[in-house]
Amino acid sequence: MTISTVGIIGAGTMGNGIAQACAVVGIDVVMVDVSDAAVQRGLATVSGSLDRLIKREKISTADKDAALARIQGSTSYDDLKRAQIVIEAATENYELKLKILKQVDELVGPEVLIASNTSSISITKLAAATSRADRFIGMHFFNPVPMMALVEIIRGLQTSDATHDAVKQLSERLGKSPITVKNAPGFVVNRILVPMINEAFFVLAEGLATPEDIDAGMKLGCNQPIGPLALADMIGLDVCLAVMEVYLTEFGDSKYRPCPLLKEYVAAGRLGRKSGRGVYSY
């Protein structure tokens, strides 16, 4: 299957990152969001990211112009009809994703693949809500998408070999290093990562160390490039909380209980970098 056009639902951090990754390798993109303002913010983010690559002499100005020309911003799902694969990159909310995926499933041709960038929700469950469960798959990119090499390809129970192979080829075309994962809450990386972040909040709540010392300890002692609390701010504390709540519900194991301090920060609107304050102030 040759993929010349990729549809992306969501122009936020993940959506515009996926759009950039596709456009720089010559793939046309249709990036859809609910408002023109959201679409324009996404396009502006891509432009700024490409400018940074120009400064680092990774690409030329002509490369930037060509990449931006390949991205069509839109507020209409009808524009997704020309894509061979549609990647859903909306907020990590099951009901919202379900609504979006049903709309896309009813709109695009039966041969079109649908992928979800979900970081924790069951691919089997999402696939079952569509009429093309065999052509539905998880395609979990990591933030920042243009820089991170990993893509988790998650097979639902119904996902066909042809769908898996097509998405693996697409990932490799984007310059990524995909790994194939069975369907389970959190898949592989976030199954390990987010509970570690949650435990860092328990350590913080118990007053064992300052945020700075917790992060420094993990960076220096475990060779992590960024500490877990700073990483939580980058991911979004609301996203971390949502993932832990999925684990608790799906596994029914108390070891996945979200830290009360994490819940308190989210309730206070301290969501991390995107809100200007999380564990740290920005």
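Residues numbered from 1 in each chain as written. Predicted model: local features only at pLDDT ≥ 70, side-chain atom pairs only at ≥ 80, totals over all residues. Heavy atoms only, no water.

As annotated in an unreviewed UniProt entry, the protein chain is 3-hydroxybutyryl-CoA dehydrogenase from Melaminivora alkalimesophila. Its UniProt record, at the heading Sequence similarities (unreviewed entry), says of the protein chain: "Belongs to the 3-hydroxyacyl-CoA dehydrogenase family." (UniProt positions renumbered as here; feature names shortened; annotations may be inferred.)

> Tell me what's going on with the pairing of strand S5 (residues 113-116), and back it up with residues and numbers.
Residues of S5 alternate between two faces, with Leu113 and Ala115 on one and Ile114 and Ser116 on the opposite face, all of them buried. Here strand S4 (residues 85-88) runs beside S5; their pairing, made up of four bridges, is parallel. Bridge pairing in S5 places Val86 opposite Ile114. Tracing the backbone out of S4, into helix H4 (residues 94-107) and back to the parallel element S5 gives a crossover that is right-handed. (Buried < 20%, exposed > 50% of the residue type's maximum accessible area, 1.4 Å probe, protein only. Helix = DSSP H or I, 4+ residues; strand = E, 2+ residues; numbered from the N terminus. Pairing = 2+ DSSP bridges. Right-handed = clockwise from strand over helix to strand, strands pointing away.)

> Summarise the pattern of salt bridges; cite the residues concerned and give the values.
Tallied over the full model, the rule gives eight salt bridges. Ionic pairing is found between Arg155 and Asp161, a salt bridge with its closest N-O pair at 2.7 Å. Using a relative accessible area of 24% as the deciding quantity, one classes Arg155 as partly exposed. On the basis of relative accessibility, which here comes to 51%, the residue Asp161 falls in the exposed class. Of the charged contacts, one joins Asp238 and Lys274 as a salt bridge, the two residues approaching to 2.9 Å between their closest N and O atoms. Of the two residues, Asp238 sits in helix H10 (residues 237-251) while Lys274 sits in the segment after helix H11 (260-267), which places them 36 residues apart along the sequence. For Asp238, a relative accessible area of 26% translates into the label partly exposed. On the basis of relative accessible area, Lys274 is assigned to the exposed category, the value being 53%. Each of Glu88, Glu92 and Lys97 takes part in salt bridges that share partners, so that together they form one network. (Salt bridge = Lys/Arg side-chain N within 4 Å of Asp/Glu carboxyl O.)

> Outline the domain arrangement of the protein chain, supporting the account with residue identities and numerical values.
By a frequent convention, interface size equals the accessible area lost on bringing the separate parts together. Per the domain assignment, the segments of the protein chain are domain 1 (5-182) and domain 2 (191-275). Look at where the C-alpha atoms of domain 1 and domain 2 centre, and you get two points 26 Å apart. Facing five residues of domain 1, the contacting portion of domain 2 comprises six residues. Here domain 1 packs against domain 2, burying approximately 400 Å² in sum over the two surfaces, 62% of which is carbon and sulfur. It is Glu92, Ser120 and Asn143 in domain 1 that bury the most area against domain 2; as a group they hold 67% of the surface buried on that side. One can count zero residue pairs in polar contact (both at pLDDT 80 or more) joining domain 1 with domain 2. Its residues placed into classes, the side of domain 1 that touches domain 2 shows no nonpolar, three polar and two charged. (Domains from an automatic or database assignment. Contact = heavy atoms within 4.5 Å. Buried area = accessible area lost by both parts, 1.4 Å probe. Polar contact = N/O pair within 3.5 Å; in protein donor to acceptor, adjacent residues only side chain to side chain. Nonpolar A, V, L, I, M, F, W, Y, C, P; charged D, E, K, R; others polar.)

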